[in-house]
Each structure stands twice: as structure tokens, then as C-alpha cells.
Amino acid sequence: MTLNQLRAFLVIAAAGSFSAAAVQLGMAQPSVSELVKRMEEAYRVRLFTRSSRGLVLTAAGEALLPHARLTVDAADEADRALRDVTSLRGGVATFGLLRNANYYFLSRLLERFHQRYPDVRLRVIGLNSVEVAEAVAAGELEAGLVVLPIDAESLEVTPLRRDDVLFASADPGRTSRPVTIEDLASTDLVLYDAHYGWRDPTRRQLAERAQLAGVTLAPRIEVEHIDSALDLVARGAGDTIVSGAVAAGRNFPAGVHTVRFAEPLYDTIALVQRAGVPLSPATRELARLARRMLLEG
């Protein structure tokens with residue numbers, strides 16, 4: 001029993017004749033008759049009988065009718081679902097955004113995507129790069145933007161953009177020259193991303209430098225959000241590190257000064273997805289727009 005046979009059966013039952021059904025199906029009448037004949041022969045029953053009103057259902061036909069409707073309706077729904085996804089008229093895009101995504105104008109990404117594809121649902125999670133990478137690797141997200149380095153086992157990593165990491169202080173004397181890792185170790189550090197701590201990619205880079213230099217980085221204050229850290233720095237509670245995008249943001253405190261590291265330090269932003277696993281059309285398009293905005297920015 002095939003979908004074509006069931007479709008023909010339903011149209012014949014509604015139209016009352018093979019000829020009328022053939023017109024609706026865009027087929028030759030013998031072809032329509034053959035579809036029903038094969039079902040009748042396979043099950044050794046008659047599905048229709050002739051009457052003065054045309055073709056009417058037999059008992060076997062009446063028994064088949066509700067199941068045929070359910071089967072054809074389910075197949076049509078499945079077809080619509082796949083067509084919606086592949087044509088970006090539906091589906092869900094699942095994506096992870098790196099810490100401080102708004103400083104890279106990525107909030108506009110969601111607005112732009114929604115304007116272009118209003119029927120696609122968005123599930124976008126803004127996390128630290130550590131958690132984005134873990135969620136992608138676990139299949140909870142299809143793709144995401146992260147800051148390197150990350151634990152990339154089973155992930156396909158595509159670097160997109162490099163951004164300076166800067167030292168930030170309210171004391172202009174501390175930013176009069178590029179700072180060393182030794183300078184950083186001697187200051188009162190205020191660091192954000194307290195939950196992720198030294199698993200955070202930028203902190204990992206600093207920790208590796210400190211280890212090679214034989215010094216220890218011990219933050220005096222740890223908070224969760226960068227805005228809180230910058231507020232503390234602006235009040236003279238200590239110094240911190242920020243990306244170039246954050247320092248260039250319009251909400252960056254006017255009294256906080258920045259300078260590069262003597263050995264330049266960078267945040268490398270990358271797109272990650274599971275290796276060998278193709279993205280859904282919706283997520284692939286969202287990733288394409290994100291890549292374009294980052295490269296253009």
C-alpha cells in the first residue's frame with residue numbers, strides 16, 4: 001500500500017467516479033483505476049461498488065477510509081514541515097553567543113535574521129565561550145560563537161576575527177606604557193566571569209603567560225558581569241582587562257583608561273559546530289549572517 005494509492009482512494013471516494021478523480025489528480029483514468037485495482041488485488045477485497053449514484057464504498061472501503069485520511073494527512077504535515085525548514089519558512093535556529101556579544105553588534109544579528117525570516121523560531125543562548133562549546137559538543141546547540149582557546153575535541157572551529165585584549169585602569173599612570181604580565185600580577189585585579197573562573201578563554205591565556213613568567217594572578221575581586229567590573233574599576237577599586245570592542249563601546253566609563261600588553265594579547269572569535277554534522281538551513285543562515293557581521297565589523 002503506497003501513499004499514491006491512498007491519495008487516489010480518497011479522491012475517488014470524494015468524487016464518486018474514476019474519471020472525476022483522474023481530472024483532480026491530473027492523471028489518466030486507467031492509471032487511477034490501476035492504483036485502486038492493485039490494492040484490491042493485494043488484499044482480495046473490493047473497495048468500491050457501482051450504484052446509480054456512481055462509485056460507493058464497500059464495507060472494506062469504509063474501514064479503510066479513516067486510516068487513509070490519517071495517513072495522508074500525516075504525510076502532508078511531514079512534507080510541509082520539511083519544506084518549511086529547507087525554505088526558511090519555519091523551523092528553529094539554535095545558536096550560542098559569546099560573552100559580551102552586544103559589544104560586537106551581534107544583537108543586531110537577531111533583529112536582522114528575524115526581519116528576513118519571520119517564520120523561523122530563534123533559540124539563542126548567550127553564555128561564556130566555555131559553556132557554548134560544551135553545549136555544541138553535546139548537541140544541545142547546533143553552532144555558536146566563542147572566544148578561543150576552547151576544548152575543541154569533536155568540534156569544527158572556524159576563526160573569524162581577532163580583537164585586542166587591553167589593560168584597563170582609572171589611574172592614567174598605570175596605562176602610560178604597555179603592561180607586562182608581571183605588571184598585571186602586581187595590581188589589584190578585578191575580574192569578571194566569576195562562575196567560569198580560569199576556564200574562561202581569555203583568563204586561560206593570561207594564566208599560561210603567568211605560568212611561563214613564574215608569577216601568580218590572584219584577583220582581588222571577582223564578579224559575574226563586565227559592567228560590574230568596570231564600575232568597580234571606575235571607582236578605583238582595582239584594574240581589569242577588556243576587549244577592544246568593549247573599550248570602544250559607547251557605555252565604556254569615561255574615567256577608565258586602557259593600554260595594550262607589551263606582548264600583545266588577543267581574543268580570537270570563532271564559529272564552532274560539531275565536526276561532520278551539517279547545520280539545519282535556519283542555523284546555517286544564522287551562522288552565515290553572524291560570520292558576515294563579524295568580518296565586516
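Right above here is the structure, for reference.
Looking at the packing of helix H2 (residues 18-25) against helix H3 (residues 29-43)
Right, so step 1: Their axes nearest at 8 Å, the elements H2 and H3 cross at an angle of 105°. As judged from the angle between their axes, H2 and H3 are roughly perpendicular. Residues Phe18, Ser19, Ala21, Ala22 and Leu25 of H2 form the contact with H3, whose own contacting residues are Gln29, Val32, Ser33 and Val36.
Right, so step 2: For the contact of H2 with H3, the residue count by class is six nonpolar, three polar and no charged.

Let's talk about the pairing of strand S6 (residues 155-169)
Right, so step 1: With nine bridges joining them, S6 and strand S11 (residues 266-274) adopt antiparallel strand pairing. If you follow Asp163 over to S11, its bridge partner there is Asp267.
Right, so step 2: Pairing of S6 with strand S9 (residues 240-243), which is carried by four bridges, proceeds in the antiparallel orientation. The residue bridging Val165 from the neighbouring strand is Ser243, located in S9.
Right, so step 3: Bridge count for S6 against strand S10 (residues 257-260) is four bridges, and the pairing is antiparallel. Across the sheet, Phe167 pairs through a bridge with Val259, a residue of S10.

What to know about the side chain of Ser243
Right, so step 1: For Ser243, the position within the fold is in strand S9.
Right, so step 2: The exposure class assigned to Ser243 is buried, which follows from its relative accessible area of 5%.

Notes on empty space enclosed by the protein
Right, so step 1: Overall, the coordinates contain one cavity of 30 Å³ or more when judged by the stated rule.
Right, so step 2: Space inside the largest cavity adds up to approximately 40 Å³.
Right, so step 3: Looking at the lining of the largest cavity residue by residue, the class counts come to three nonpolar, no polar and four charged.

Details of the pattern of salt bridges
Right, so step 1: A complete count under the given rule lists 14 salt bridges for this structure.
Right, so step 2: Asp164 is the salt-bridge partner of Arg260, the closest N and O atoms lying 2.9 Å from each other. In this pair, Arg260 is assigned in strand S10 and Asp164 in strand S6, connecting sequence segments 96 residues apart.
Right, so step 3: The salt bridge involving Arg209 is made with Glu263; its shortest N-O contact spans 3.8 Å. Note that Arg209 is positioned in helix H8 (residues 201-213) and Glu263 in the loop between S10 and S11, a separation of 54 residues in sequence.
Right, so step 4: Note on Arg209: relative accessible area 18%, which makes it buried.
Right, so step 5: Three or more residues are tied together by salt bridges with common partners; here these are Asp171, Arg174 and Asp239.

Definitions and limits used
- Residues numbered from 1 in each chain as written.
- Predicted model: local features only at pLDDT ≥ 70, side-chain atom pairs only at ≥ 80, totals over all residues.
- Heavy atoms only, no water.
- Axes fitted to C-alpha atoms, helices over the stretch in contact; angles between N-to-C directions.
- Helix = DSSP H or I, 4+ residues; strand = E, 2+ residues; numbered from the N terminus.
- Parallel < 35°, antiparallel > 145°, perpendicular 65-115°, else oblique.
- Contact = heavy atoms within 4.5 Å.
- Nonpolar A, V, L, I, M, F, W, Y, C, P; charged D, E, K, R; others polar.
- Pairing = 2+ DSSP bridges.
- Buried < 20%, exposed > 50% of the residue type's maximum accessible area, 1.4 Å probe, protein only.
- 1 Å grid on protein atoms, 1.4 Å probe; cavity = no way out; pocket = protein on both sides within 12 Å on 5 of 7 lines; lining within 4 Å.
- Points joined across faces, edges and corners; volume = space filled by probe spheres on them.
- Salt bridge = Lys/Arg side-chain N within 4 Å of Asp/Glu carboxyl O.

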